[in-house]
Amino acid sequence: MLRSIKQLYGVKLGASDGEIGHVKDFYFDDRNWAVRYVVADTGSWLSGRKVLISPHVFGSLHQVGKLLLVNLTRKQIEDSPSIESHKPVSRQYEEEYYRYYGWPCYWQGDALWV
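What you see is a predicted model; the values in this text were computed from it and never measured. (Residues numbered from 1 in each chain as written. Predicted model: local features only at pLDDT ≥ 70, side-chain atom pairs only at ≥ 80, totals over all residues. Heavy atoms only, no water.)

**Description of the environment of Val39**
To keep things clear, this is the line we draw: A helix here means a DSSP run of H or I that spans at least four residues, while a strand means a run of E at least two residues long, and both kinds are numbered starting from the N terminus. Here the term buried applies to any residue with accessible area under 20% of the maximum for its type, exposed to any over 50%, and partly exposed to those in between, with areas from a 1.4 Å probe on protein chains only.
Among the secondary structure elements, Val39 is positioned in strand E3 (residues 34-41). Its relative accessible area of 3% is what places Val39 among the buried residues. As for Val39 and Ser85, which are separated by 46 residues in sequence, their C-alpha atoms are 8.5 Å apart.

Here is the structure:
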């Protein structure tokens, strides 16, 4: 189903063990028009820290209550590499990010997640 990305701004995010914040923004790959990351604002849970979440881990969107499920735990998100949201995401950061989660990098292989 196609969905406007505008509808996802502000939607609550839920990890496998509790709420983790809300959708603040999106980082796009402007060459392939693919969402590479969702910027999650963790609110008071992690003192206003923003974290990147790969679309690779999204589950379903529950229309009732507007909750987007993420296949991660709160601890995984808490210990994830920090971002500086006023700077572009560097390849060095992405390598650290994917190594932390143990995922293959989207730029390797046959255009994973394009």
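**Considerations on the pattern of salt bridges**
Put simply, the test is: A carboxyl oxygen of Asp or Glu within 4 Å of a side-chain nitrogen of Lys or Arg is what we treat as a salt bridge.
Per the stated rule, a full pass over the model turns up three salt bridges. With its nearest N and O atoms 2.9 Å apart, the salt bridge here joins Asp29 to Arg36. Comparing Asp29 with Arg36 shows no difference in burial state: the two are buried. With its nearest N and O atoms 3.3 Å apart, the salt bridge here joins Arg91 to Glu94. Taken together, the positions of Arg91 and Glu94, both in helix H2 (residues 91-101) and three residues apart, correspond to about one turn of that helix.

**Topic: unusual backbone geometry**
Negative phi values dominate among residues other than glycine, just as trans dominates among peptide bonds. For Trp33, which is not glycine, the phi dihedral falls at a positive 50°. In this structure, Trp33 sits in the loop between strand E2 (18-29) and E3.

**Remarks on the side chain of Ser80**
To keep things clear, this is the line we draw: Within 3.5 Å is the distance limit for a polar contact, defined as a pair of N or O atoms, with the added protein rule that one can donate a hydrogen and the other accept it, and that residues adjacent in sequence qualify only through two side-chain atoms. It only takes one pair of heavy atoms within 4.5 Å for two residues to be counted as in contact.
Tracing the sequence through the fold places Ser80 in the loop between helix H1 (74-78) and H2. A distance of 2.8 Å separates the side chain of Ser80 from the backbone oxygen of Ile77, its partner in a polar contact. With sequence-adjacent residues up to four places away left out, Ser80 is seen in contact with Arg49, Val51, Tyr100 and Tyr101.

**Section: the sheet that holds strand E6 (residues 67-70)**
Under the convention used in this document: Two strands make a pair as long as DSSP finds a minimum of two bridges between them. As a rule, the C-alpha atoms of each element are fitted with a line to give its axis, helices using only the stretch in contact, and angles between N-to-C directions run from 0 to 180 degrees.
The strand order E4-E3-E2-E1-E6-E5 describes an open sheet built from six strands, whose pairing is mixed. For this open sheet the edge positions go to strand E4 (50-53) and strand E5 (58-62), each flanked by a neighbour on one side alone. In this sheet, adjacent strand axes meet at a mean angle of 35° when their direction is disregarded. Of the strand pairs in this sheet, E2 and E3 are connected by seven bridges, and their pairing is antiparallel. The residue bridging Tyr27 from the neighbouring strand is Tyr37, located in E3.

**Structural notes on the packing of aromatic side chains**
Rule in force here: Two rings from Phe, Tyr or Trp (for Trp, the six-membered ring) form a pair when their centres are within 6.5 Å of each other. A pair whose planes differ by under 30 degrees is stacked, one over 60 is edge-to-face, and the rest are tilted.
For the coordinates displayed, the defined rule picks out 14 aromatic pairs. Here Tyr106 and Trp107 contribute two aromatic rings whose centre-to-centre distance is 5.0 Å and whose plane-to-plane angle is 85°, an arrangement assigned as edge-to-face. Owing to a relative accessible area of 10%, Tyr106 belongs among the buried residues under this scheme. Given the relative accessible area of 26%, Trp107 is considered partly exposed.

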